[in-house]
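One-letter residues, chain by chain:
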Amino acid sequence: MIRDDFKAIYRNDPAARGLEPILYAGLHAIFWQRLAHRLYKWELRFIARLISQLTRFFTGIEIHPGATLGKGLFIDHGMGLVVGETTEIGENCVLFHNVTLGGTGKHAGKRHPTLGNNVLVGTGAIILGPVNIGNNVYIGANTFIYMCDVPDNATVVGTPGRIVRLDGRAVDLPLPRTVHSTE
Amino acid sequence: MIRDDFKAIYRNDPAARGLEPILYAGLHAIFWQRLAHRLYKWELRFIARLISQLTRFFTGIEIHPGATLGKGLFIDHGMGLVVGETTEIGENCVLFHNVTLGGTGKHAGKRHPTLGNNVLVGTGAIILGPVNIGNNVYIGANTFIYMCDVPDNATVVGTPGRIVRLDGRAVDLPLPRTVHSTE
Amino acid sequence: MIRDDFKAIYRNDPAARGLEPILYAGLHAIFWQRLAHRLYKWELRFIARLISQLTRFFTGIEIHPGATLGKGLFIDHGMGLVVGETTEIGENCVLFHNVTLGGTGKHAGKRHPTLGNNVLVGTGAIILGPVNIGNNVYIGANTFIYMCDVPDNATVVGTPGRIVRLDGRAVDLPLPRTVHSTE
């Protein structure tokens, strides 16, 4: 797992040289979250949360121990990143600083986003609610998505987010609204 | 005071279980700011500011000692939150991470926002200037408000912020411009 | 250099009184980056990067050691600020918290912005790519600029950023697209 996370840095960051990635706060945050997630599943919730809060102090990155992170995840810079308890992230995703994968405050149970594989979420983007983000999705910096799904192979930008590229073609489409069972 | 802040966490956060809230950086930041605010009023400004900067280091939350915080305040996540010197916050408010209650750089004396009771300010929202935010106001994530007031019972979203809900009815209104004596 | 940075705080921040600026995280971050930048130029890249990451831990401010900072720079609050490796910043600039001077992921070599003199970049503004920002430029809070240049004496706001003031007159113009040799 750690090796995949390490490789993900070299694959994505042109500023990563030599051993520099061992200094990256994003790598540390992912390492400790994977440990906290195991404790969380063993119902050791307070210790899991303690690790999560200590990691937040050391890295500026706050990922709830309940979140499920896929392999090959790269967090670039990461300061201000917040990932909620019921978030699920696929493989080979990239998250930048100040990204929020959060809740709406109006849902119970599954409250946070699900991301597919090869998803990039740009700086300051905010995704709220139990929404589904497809595979090979690019979400631009400062994009805002609230209770909307994103199809595969889409590029989404703006506030509120709109699809500006789909399956390699330029488009301009609104996002489909998420239907959620406990709303 | 601390008990009210503690209760505010359980009231607002579905992820708060058992004793977990004692780990919350937002709770720590509010506790130390209330102490720094007392020192600030006794004109012990340097010590007050020192506490404020140490709190910023430990929590990622920067609240100027001069700010007046009402009871039952809940800061969720909190990283990147900045609250200016002459800010006033009413009772039972909720502030998320990366919220800025700041100045415009063009005003003297009262330079920062005043929030009523039961105000929620979403992730990344920026409110600048000596503006008045009413009671029971909901300000969406990433909303930008510059020298504009918000009436009671309003929901505001967008850049620049517009009223999309007022007294329970869907509307689409611009915000009234703030009139300020020292402008 | 340090004296200029110190003076820049008093010039820009109405809340700075007495010796308070010695507590400012922005001042610390600039001091350590200037040192790290020297080591970076001597090809001591790992040590430079280590200083940069330690500074990020202590201040919440992440400036790559490769970035060139002009004199009289003021970083206000600073939490979440990210400045990329090939960024160049002129004299007497002001950067607020959560500002990103970053790359697009699509360029090689010079990948980050160049700022002129007397440039102010507001809270949460994101500028991506090897773009040129002129002199005496004001970039509003939460503004988003992607591969576009900004002329001298301009005020830019919005997502995407538009020129709303130029040479002292109110206008409404799109930003000219950046032409880059390695695109």
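Presented here is an overview of the structure given in this document. Nothing here was measured: the structure is a model prediction, and the numbers come from that model.

Each value, and the rule that gives it
Residues numbered from 1 in each chain as written. Chains lettered and ligands numbered in written order. Predicted model: local features only at pLDDT ≥ 70, side-chain atom pairs only at ≥ 80, totals over all residues. Heavy atoms only, no water. Least-squares fit on C-alpha atoms with pLDDT ≥ 70 in both. Contact = heavy atoms within 4.5 Å. Buried < 20%, exposed > 50% of the residue type's maximum accessible area, 1.4 Å probe, protein only. Helix = DSSP H or I, 4+ residues; strand = E, 2+ residues; numbered from the N terminus. Arc of directions from axis to C-beta. Buried area = accessible area lost by both parts, 1.4 Å probe. Salt bridge = Lys/Arg side-chain N within 4 Å of Asp/Glu carboxyl O. Polar contact = N/O pair within 3.5 Å; in protein donor to acceptor, adjacent residues only side chain to side chain. Nonpolar A, V, L, I, M, F, W, Y, C, P; charged D, E, K, R; others polar.

Time to look at the relation of the copies chain C and chain A. Superposition record for chain C on chain A: RMSD 0.0 Å, screw rotation 120°, translation along axis 0.0 Å. Taken together, the rotation and translation relating the two chain copies correspond to the operation of a three-fold axis. Judged by C-alpha distance, Gly 80 of chain C is the residue of chain C that lies nearest the rotation axis, at 3.7 Å. Of all interface residues in chain C, a mere 17% are interface residues in chain A too; the two copies therefore contact each other through different surfaces.

A few words now on helix H1 (residues 2-12) of chain B. All names here are of chain B. For H1, the complete set of buried residues consists of Asp 5, Ala 8 and Ile 9. What you see down the axis of H1 is that its buried residues fit within an arc of 100°, all on one side. Lining the buried residues of H1 we find helix H2 (25-41) and strand E3 (74-75).

What follows is about the interface of chain C and chain A. With 23 residues of chain C at the contact, the number on the chain A side is 21 residues. Carbon and sulfur atoms supply 58% of the area buried between chain C and chain A, which totals about 2000 Å² over both sides. Summed over the shared surface of chain C and chain A, the number is two salt bridges. The tally of links between chain C and chain A comes to nine residue pairs in polar contact (both at pLDDT 80 or more). Counting residues per element, the ones that place at least two in the side of chain C that touches chain A are helix H3 (45-59) and strand E10 (126-128) of chain C. For the side of chain C that touches chain A, the element with the most residues is H3 of chain C, which contributes seven residues. Looking at the side of chain C that touches chain A, its residues break down into nine nonpolar, eight polar and six charged.

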